[in-house]
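Residues per chain, in single letters:
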Amino acid sequence: MHPTPDPLVVQLRKALRTGLAGVPARMELHGAPVTDGARGPARTVLDALEAADFERPASAGGLGLGLTAGVVVSEELGRAARGNPYRADAVAAGLDGPAGAALAGLEALPTGGGVTATPRAGGWELTGAATVDDAGAGTFLVATRTGGEPVLVAVPRGARGVGVEGGCWPPVVRFAATPVGAADVVGALDESPTGVLARARLRQAAYLLGIADGAHQVAVEYAGFRRQFGTRLRDLPAVAFPLARAMVALRATRAAVYRGAWLVDSEPDAVGTAPVMALAMAAETARDVVRVSMQSCGVRAMTTELGLHRYFRLAAAESARYGDPAALWRMVGADRVRTARRATAGEELPVAATAGP
């Protein structure tokens, strides 16, 4: 992994920031803080940059930039506190699924208990409820378990038993004995080091990292000109020290996220639990850094001028997507225990097991 920034990544980040700066933000204190899905305003920026082709291999007509480009896109969307229409398209493209579909139920992974699939003749019946990215999507990619394994199932909006509640945020899609067949299974969400789920976790980790970074930047800028007791807030130790610790957490998290993306792109045999650890770390960092940023701004934190309320609600809603942080850390710990036991027994360790965090 090169310690110096890639010039292409620098140019991509600059283009994303320029484009997203022109996307109007929802400044209201109530209601959904972002517009997600294919109808969201951030979609125009991604389409202008042809972001859908970033990760697609060159052999398939894409640019072949790898997962690192997708991580940059996700981070900048979070930093600007915009919706994330990129993740659904990236997951669907990785599974050759339908374009424009919305992801549903991925907050229940890795257990996948939000929507249950009951076997029936010729397929399954889906029952349960799950949050969805875009309530107006024509097709939902639903995370569930068939045969004990997590999969994504494509369910049309007009299928029997499908109901969408768009009055809450995030919106919820409900299934009441909705029939699906084997042909509706888009693909498996296995735990392979470079699989669809691992890539989705790293994109989500980058999105959470961007949310934390955006909130921290707002707090630092506000504390730099806001004066109290005859001095800037940023010069008071009670404000400066927490913001400095938050910066350290952001840099550590960014290193974990981009290292995971680099491993997937360049060293697939050494990926190990890097995506799981990066997502768990990013979820905790987002919640902690947003909280510190709001505390640093005091009573002004929830005003529309600062917009920190958007970061707060985004961090709360997004921190458990693709797996609860506590469950993810348990997965990392279990892998470390297995590795230690194999080393003690003198067994030859696989390359992925010997990869450090």
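Quick summary incoming for the structure in this document. Per-chain numbering applies: the sequence of each chain, read as written, is numbered from 1 onward. Local features in this predicted model are restricted to residues whose pLDDT is 70 or higher, and side-chain atom pairs enter the listing and the counts only when it is 80 or higher, whereas totals over whole chains, interfaces and linings include all residues. Think of the side-chain values as coming from all heavy atoms in the structure, minus any hydrogens and water.

As a further point, take the pattern of salt bridges. Salt bridge, as used here: a side-chain nitrogen of Lys or Arg that lies within 4 Å of a carboxyl oxygen of Asp or Glu. Within this structure, the stated rule accounts for 21 salt bridges. With its nearest N and O atoms 2.8 Å apart, the salt bridge here joins R13 to E76. Of this pair, R13 sits in helix α1 (residues 7–21) while E76 sits in helix α3 (residues 67–79), placing them 63 residues apart in sequence. On the basis of relative accessibility, which here comes to 2%, the residue E76 falls in the buried class. Put simply, R338 and D335 hold a salt bridge, and the shortest N to O gap is 3.7 Å. Within this pair, R338 and its partner D335 are both found in helix α9 (residues 325–345), separated by three residues, close to a single helical turn. Each of R13, R17, E75, E76, R79, D213 and R254 takes part in one network of salt bridges that share partners. We count a stretch as a helix when DSSP gives it H or I for four or more residues in a row; a strand needs E for two or more, and each element gets its number in order from the N terminus. Exposure categories follow from relative accessible area, calculated using a 1.4 Å probe and restricted to protein chains: below 20% of the type maximum is buried, above 50% is exposed, and the middle band is partly exposed.

The criterion for an aromatic pair is that two Phe, Tyr or Trp rings (for Trp, the six-membered ring) have centres within 6.5 Å, with stacked assigned to planes under 30 degrees apart, edge-to-face to planes over 60 apart and tilted to the rest. Counting across every chain of the model gives one aromatic pair. Plain terms: the ring middles of Y222 and F225 are 5.5 Å apart, the flat faces sit at 80 degrees to each other, and that makes the pair edge-to-face. Pair noted here: Y222 and F225 are both in helix α5 (residues 196–225), with a separation of three residues, about one helical turn.

Turning next to the environment of R157. Mapped onto the elements, R157 comes out in the loop between β5 (149–156) and β6 (162–165). With relative accessibility at 35%, the residue R157 sits in the partly exposed group. Here the alpha-carbon distance between R157 and G138, two residues 19 residues apart in the chain, equals 5.2 Å. Distance and chemistry together define a polar contact, namely a pair of N or O atoms within 3.5 Å, with one atom able to donate a hydrogen and the other to accept it when in protein, and with adjacent residues in sequence counting only for side-chain atoms on both sides. A distance of 2.2 Å separates the side chain of R157 from the backbone oxygen of A135, its partner in a polar contact.

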